[in-house]
Amino acid sequence: PSPPSIPPTGGPPGMGEPVGCCERVAINVAGRRFETLGRTLLRFPDTLLGDPRRRRRYFDPQRREYFFDRHRGAFGAVLYYYQSGGRLRRPPDVPLDVFLEELRFYQLGAEAEGRLREAEGFGVEVAQPLPGGRLRRRAWLLCEHPESSPAARAVALLSVLVILVSIVVFCLETLPQFRAGGEGSAQPQTPPPISANVNASSPPSPRGGLTDPFFVVETICICWFSLELLVRLLASPSKTAFFRNAMNLIDLIAIAPYFVALGTELAQQRGVGQPAMSLAILRVIRLVRVFRVFKLSRHSTGLQILGQTLRASMRELGLLIFFLLIGVVLFSSAVYFAEAEDAATSFTSIPQAFWWAVVTMTTVGYGDMAPVTVGGKLVGSLCAIAGVLTISLPVPVIVSNFSYFYRRELRGEEGGEY
């Protein structure tokens, strides 16, 4: 409990102190006087004001009032807690940390503090289960809780650096000078065989196969990702909860393409498997590797807030897509019939006009398709205006959700300090 606001008076009990349930009780908080009935305070006898023996030390017999040198703005909410039978709301002008200190001084209890935390948006923190063994617990804290120790923060920093290196390598290896036969390649260019026409549209394979520098860096990154995932799997308190976590599934998806690509490369070197099928698999694998960027959300609070916002705004996003689909069908049909008289029109069918309707409603406007008749231009103007209105309607709700989760994260960090 917090220290008393003023020294105890030391007087005997009952020296002018109101003790009856129907008597008025005067409370002076830093010069601001409050009055209430004794039975109102007796609704919560386990608190400082509700227990006559606890509050007696703050009684001033000369002024016949209780004096507390505490925060005046917060006491109004504390008194309303007694008057309303347990409803507690923090005043907007009182910081959360100050209000929590006042609650603890008046000894309202952990239940009232928990309801306040829930009303503030971050709720009562539930203790996360930890592994049983000492070694498993240390490994779990090292990999899962960066704030637990300096070593855990170093591991988290190293993991972020490896993720960034992996993403940079993923982007650099698509440059023409790093491909087989590219400008920066020292190998002489030879005419491709006839069978290579099937692969003309696919990304070329690395120059040196398993000895390529990009492949070596990728192997080092995958070794770190695999070690990190394996340690967290072995040290996790619940294997079922581990695989239900979306972040762990992302980690698994991030390393799986490497082993599939490695097996495909080895099969090609041994002459096993069809080249066209192998390149199709590699094309999909290289696309899946881009999801490795989501591994940063484990160490980024901003990405976590963004994910929570999108999850909470699924209904609004669904409405947005639904409205866009309706607009696309309506305006693509209208512009098709408005441009039907022009022989050189680009709108030869309604499905072909879908693309124009999408880029117009989203205010992108590539310019590859444009109406030329007066009716078509009128339809295009209405399409652009309708697109602005359609997109702007659900956006405030999504922004409000983002602000809510952002404030909740800030309050959680602030409340965790007290």
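Keep in mind that what you see is a predicted model, and the values were worked out from it rather than measured.

A. Quick peek at the nonpolar core. Core analysis: the largest hydrophobic core is formed by 30 residues, its most contacted members being Ile27, Phe68, Phe75, Tyr106 and Leu108. Those elements that place two or more of their residues in this core are strand E1 (24-29), strand E4 (65-68), helix H3 (72-83), helix H4 (96-105) and helix H5 (110-120). When sequence neighbours within four positions are dropped, the list of residues in contact with tyrosine 106 reads Val29, Thr47, Leu48, Leu49, Phe68, Arg70, Phe75, Val78 and Tyr82. In terms of nonpolar packing, the next biggest core, distinct from the first, is built from 12 residues, Phe331, Ala357, Val379 and Ala386 among them.

B. Representation of the pattern of salt bridges. Inspection of every chain in the model, using the stated rule, returns 10 salt bridges. A salt bridge links arginine 33 to glutamate 35, with the nearest nitrogen and oxygen atoms 3.4 Å apart. Connected through salt bridges with shared partners, the residues Arg24, Arg33, Glu35 and Glu65 form a single ionic network.

C. Up close: the sheet that holds strand E2 (residues 32-37). Sheet architecture is open: four strands sit in the order E2-E1-E4-E3, paired in mixed fashion. With one partner strand each, in any of the chains shown, E2 and strand E3 (59-60) form the two edges of the open sheet. Examined bridge by bridge, E3 and E4 share two bridges and lie antiparallel to one another. Counterpart to phenylalanine 59 in the pairing with E4 is tyrosine 66. The strands touched by H3 within the sheet are E1 and E2, with E2 carrying the most contacts at an inclination of about 5 degrees.

D. Just the environment of serine 84, in detail. Looking at the secondary structure, you find serine 84 in the loop between H3 and H4. Sequence separation of serine 84 and arginine 43 is 41 residues, and the distance between their C-alpha atoms is 9.9 Å. Of note is the side chain of serine 84, whose polar atom sits 2.7 Å from the backbone oxygen of tyrosine 80.

E. The packing of helix H13 (residues 314-338) against helix H15 (residues 374-392), seen in detail. Between H13 and H15, whose axes approach to 9 Å, the crossing angle comes to 175 degrees. In terms of orientation, H13 lies roughly antiparallel with respect to H15. Taken together, the residues of H15 that come into contact with H13 (itself represented by Leu320, Phe323, Leu324, Phe331, Ala334, Val335 and Ala338) are Gly375, Gly376, Val379, Leu382, Cys383, Ala386, Thr390 and Ile391. For the contact of H13 with H15, the per-class residue count stands at 12 nonpolar, three polar and no charged.

F. Here's a closer look at the packing of aromatic side chains. Summed over the entire model, instances satisfying the criterion amount to 19 aromatic pairs. With 5.7 Å between their ring centres and 80 degrees between their planes, phenylalanine 44 and tyrosine 82 make a pair best called edge-to-face. Residue phenylalanine 44 is found in the loop between helix H1 (38-41) and helix H2 (52-55), and its partner tyrosine 82 is found in helix H3; the two are separated by 38 residues along the sequence. The exposure class assigned to tyrosine 82 is buried, which follows from its relative accessible area of 0%. With a centroid separation of 6.1 Å and an interplanar angle of 85 degrees, the aromatic rings of phenylalanine 68 and phenylalanine 105 are classed as edge-to-face. Of this pair, phenylalanine 68 sits in strand E4 while phenylalanine 105 sits in helix H4, and the two are 37 residues apart along the sequence. Of the two residues, phenylalanine 68 and phenylalanine 105, both sit in the buried class. Taken together, the aromatic side chains of Phe34, Tyr58, Phe68, Phe75, Phe105 and Tyr106 make up a single cluster linked through ring pairs. Sitting above the plane of the phenylalanine 105 ring, arginine 70 keeps its charged end 4.1 Å from the centroid.

So, how was this worked out
- Residues numbered from 1 in each chain as written.
- Predicted model: local features only at pLDDT ≥ 70, side-chain atom pairs only at ≥ 80, totals over all residues.
- Heavy atoms only, no water.
- Core = buried A, V, L, I, M, F, W, Y, C linked by side-chain atoms within 4.5 Å.
- Buried < 20%, exposed > 50% of the residue type's maximum accessible area, 1.4 Å probe, protein only.
- Helix = DSSP H or I, 4+ residues; strand = E, 2+ residues; numbered from the N terminus.
- Contact = heavy atoms within 4.5 Å.
- Salt bridge = Lys/Arg side-chain N within 4 Å of Asp/Glu carboxyl O.
- Pairing = 2+ DSSP bridges.
- Axes fitted to C-alpha atoms, helices over the stretch in contact; angles between N-to-C directions.
- Polar contact = N/O pair within 3.5 Å; in protein donor to acceptor, adjacent residues only side chain to side chain.
- Parallel < 35°, antiparallel > 145°, perpendicular 65-115°, else oblique.
- Nonpolar A, V, L, I, M, F, W, Y, C, P; charged D, E, K, R; others polar.
- Phe/Tyr/Trp six-rings, centres within 6.5 Å; stacked < 30°, edge-to-face > 60°.
- Lys NZ or Arg CZ within 6 Å of the ring centre and 35° of its normal.

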